[in-house]
Amino acid sequence: MARPAPSRSSLDIVAACDNYRIDADRMSLTTWRLTAHPTFPAIGLLRAELVAQLRAEDAKGSVPAWEFATHECRQVVGFSSHIHGPSARTRVMKELCERWREEGRWPDVIGPRKWRNEMYAVYRNPFGVHDEVLIDDTDDDEANYAFMMERSACALFGVVTYGVHMSIFEEDEHRHGALDSCRMWVPMRSRSKQTWPGYLDNTVAGGIPCGLGAFESLVKESMEEASLAEDVVRMHARVAGTISYFFRTSAGWLQPEIQYVYDLRIPSGADPEAYKPTPLDGEVESFDLLPLAEIVSRMQQGLFKPNTALVILDFMIRHGYLTPEDEPDYQEIVTRLHGRLEYEQW
């Protein structure tokens, strides 16, 4: 019989996902900007092996796609000056990443089994507005939207990605604050998923694809993953803020993430069937309605996908299930759930 995993504290759970600080090895990273000029915004962080490959790409091409520079002892990579506007940058990234996939480069990140075939938006300011996706080559390139790229390749280039997470729950109003007074729908991810197969997750969770806003992505994911009717989500889902963190994968790739968080509380006296999630697209194997105390136990055993455990901790803080009186690391947990991603240091 397998031994149960050691119990993790709430701070351990946060640290498993918010596990990277730029200042620890800043000089080993290269800043990716829209151009190599230092006045242009930083959009990603590149490891040395990725930069070496970009140099090799330029060496074998007649028209270089990349520029390399050093500013204040820091390396910078940017698109070549002739690659201007979202459409041109998108074409460069699409051709490059698809070719790397076919060549077998970094198969643990963009190999055929990891490839998502989803386009994610990259923004000049990751904390700025998610404005309209521009597809016209004549655009003046003044919007926050900079270009789009394959979802699985975002970790290679260290760009910020965005997602939506929703908790569907029911509460005993007369016993608020007790862990056994709240129950939440928890899915098990399909064992065939490209990432975190077989782990527990938030009721609804998914990335924000290029061209969709946060709430529309939530409505889409709610139907595709959980068979939840659109009118139920639109009427009862409530935005509850964001969480943000800097995750470093076991292979060393950097993935800063911002997740938009939603709650859907099952109304008292409502027909529970209308709020019961059911697997639809094969990404989820099953859903269970679990007491919050059991959810905490499973998080402490490491059974949840790391970033979804953070969403549940955020839920517990907002709803009074995790307080300064019962959690000695309360302030550090709250702070690290809402990191600035150290963007100003890029």
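Residues numbered from 1 in each chain as written. Predicted model: local features only at pLDDT ≥ 70, side-chain atom pairs only at ≥ 80, totals over all residues. Heavy atoms only, no water.

> Honestly, the overall build of the chain in this entry has me stumped. Any pointers?
A tally of regular secondary structure across the chain gives 10 helices and 12 strands. Relative to the compact-globule value of 20 Å for 346 residues, the chain shows a C-alpha radius of gyration of 21 Å, a close match. Residues counted as buried form 51% of the 346 residues belonging to the chain. Put simply, of all contacts in the chain between residues at least 6 apart along the chain, 68% involve residues at least 24 apart. (Helix = DSSP H or I, 4+ residues; strand = E, 2+ residues; numbered from the N terminus. Rg over C-alpha atoms; globule rule 2.2 N^0.38 Å. Buried < 20%, exposed > 50% of the residue type's maximum accessible area, 1.4 Å probe, protein only. Contact = heavy atoms within 4.5 Å.)

> Which parts of the structure should I look at to understand the packing of helix α2 (residues 48-60) against helix α3 (residues 86-103)?
Packed helices, taken two at a time, are described by their axes: the angle between them and the distance between them. Where α2 meets α3, the axes come as close as 13 Å, and the angle between the chain directions of the two elements is 100°. By the criterion of interaxial angle, the relationship of α2 to α3 is roughly perpendicular. For the pair α2 and α3, the contacting residues are Leu50, Gln53, Leu54, Glu57 and Lys60 in the first and Leu96, Arg99, Trp100 and Glu103 in the second. Each residue belonging to the contact of α2 with α3 can be placed in one class, and the counts come to four nonpolar, one polar and four charged. (Axes fitted to C-alpha atoms, helices over the stretch in contact; angles between N-to-C directions. Parallel < 35°, antiparallel > 145°, perpendicular 65-115°, else oblique. Nonpolar A, V, L, I, M, F, W, Y, C, P; charged D, E, K, R; others polar.)

> Mind showing me how you'd approach the domain arrangement of the chain here?
The accessible area lost on association of the parts is a frequent measure of interface size. In terms of domain boundaries, the chain breaks down into domain 1 (10-19 + 161-345) and domain 2 (30-156). Summing the contributions of domain 1 and of domain 2, the shared interface buries around 2200 Å²; its carbon and sulfur component is 59%. Where domain 1 meets domain 2, there are zero salt bridges. Where domain 1 meets domain 2, there are seven residue pairs in polar contact (both at pLDDT 80 or more). At the level of elements, β7 (161-171) and β11 (254-265) are the ones that each hand at least two residues to the side of domain 1 that touches domain 2. If you tally residues by element for the side of domain 1 that touches domain 2, the top one is β11, at four residues. Grouping the amino acids of the side of domain 1 that touches domain 2 by side-chain chemistry returns 12 nonpolar, eight polar and two charged. (Domains from an automatic or database assignment. Buried area = accessible area lost by both parts, 1.4 Å probe. Salt bridge = Lys/Arg side-chain N within 4 Å of Asp/Glu carboxyl O. Polar contact = N/O pair within 3.5 Å; in protein donor to acceptor, adjacent residues only side chain to side chain.)

> Could you clarify how one ought to interpret unusual backbone geometry in this entry?
A negative phi holds for most residues other than glycine; trans holds for most peptide bonds. Positive phi outside glycine occurs at Glu72, with the angle close to 50°. Tracing the backbone shows Glu72 in the loop between β3 (66-71) and β4 (74-79). Residue classification places Glu72 among the exposed residues on the basis of a relative accessible area of 79%. Notably, Trp196 is not glycine yet its phi reads approximately 50°, a positive angle. Positionally, Trp196 belongs in the loop between β8 (182-189) and β9 (204-207).

> Would you take a moment to explain helix α9 (residues 306-318) for this structure?
An α-helical turn contains 3.6 residues, so any two residues separated by three or four positions project in the same direction. Between its terminal C-alpha atoms α9 stretches 19 Å, which fits the 18 Å expected from 13 residues at 1.5 Å a residue. Among all positions in α9, only Pro306, Asn307, Thr308, Ala309, Leu310, Val311, Ile312, Leu313, Asp314, Phe315, Met316 and Ile317 are buried. Of the residues flanking the end of α9, it is Gly320, one or two places downstream, whose phi is positive at about 80°. (Expected span 1.5 Å × (residues − 1).)

> What's the story with the sheet that holds strand β1 (residues 30-33) in this structure? I'm lost.
One open sheet accounts for four strands, arranged β2-β1-β4-β3; its pairing is mixed. Looking at which strands have only one partner, the edges of the open sheet turn out to be β2 (42-46) and β3. Strand-to-strand twist across the sheet, computed as the mean angle between neighbouring axes with direction ignored, equals 30°. In this structure, β1 lies alongside β2, joined through four bridges in antiparallel fashion. By the bridge assignment, Trp32 is partnered in β2 with Gly44. (Pairing = 2+ DSSP bridges.)

> Would you mind showing me how to read the packing of aromatic side chains here?
Two aromatic rings are characterised by how far apart their centres lie and by the angle between their planes. Tallying each qualifying case throughout the model produces 15 aromatic pairs. Between Phe215 and Tyr262, the ring centres sit 5.9 Å apart and the planes meet at 50°, which makes this aromatic pair tilted. One end of the pair, Phe215, is in helix α6 (residues 214-226); the other, Tyr262, is in strand β11, and 47 residues separate them in sequence. Site record: aromatic cluster; members linked through ring pairs are Trp32, Trp66, Phe79, Trp100, Trp106, Phe147, Phe157 and Trp253. Against the face of Trp253 rests Arg47, its NZ or CZ located 4.2 Å from the ring centre. Its end group placed over the ring of Phe127, Arg340 keeps NZ or CZ at 4.4 Å from the ring centre. (Phe/Tyr/Trp six-rings, centres within 6.5 Å; stacked < 30°, edge-to-face > 60°. Lys NZ or Arg CZ within 6 Å of the ring centre and 35° of its normal.)

> Where do I start with the side chain of Asp58 in this structure?
Relative to the elements of secondary structure, Asp58 occurs in helix α2. An unpaired buried charge is present at Asp58: no salt bridge exists, and Arg55, the closest side chain of opposite charge, is 7.6 Å distant. Reaching out from Asp58, the side chain makes a polar contact with the backbone nitrogen of Ala65 at a distance of 3.0 Å. Leave out the neighbours within four places in its chain, and Asp58 touches Pro64, Ala65, Trp66 and Phe68. (Lys, Arg positive; Asp, Glu negative; His and termini not counted.)

> Which parts of the structure should I look at to understand α2?
Over its 13 residues, α2 runs 19 Å from end to end, which matches the ideal 18 Å to within 8%, given 1.5 Å per residue. On its buried side, α2 packs onto β1, β2, β3, β4, α3 and α5 (154-157).

> Looking at this structure, how should I read the side chain of Thr203?
In this structure, Thr203 sits in the loop between β8 and β9. Among the polar contacts made by the side chain of Thr203, one reaches the main-chain carbonyl oxygen of Trp185 at a distance of 2.7 Å. Excluding residues that lie within four positions of it along the chain, Thr203 makes contacts with Met166, Ser167, Ile168, Met184, Trp185, Pro187, Pro277 and Phe287.

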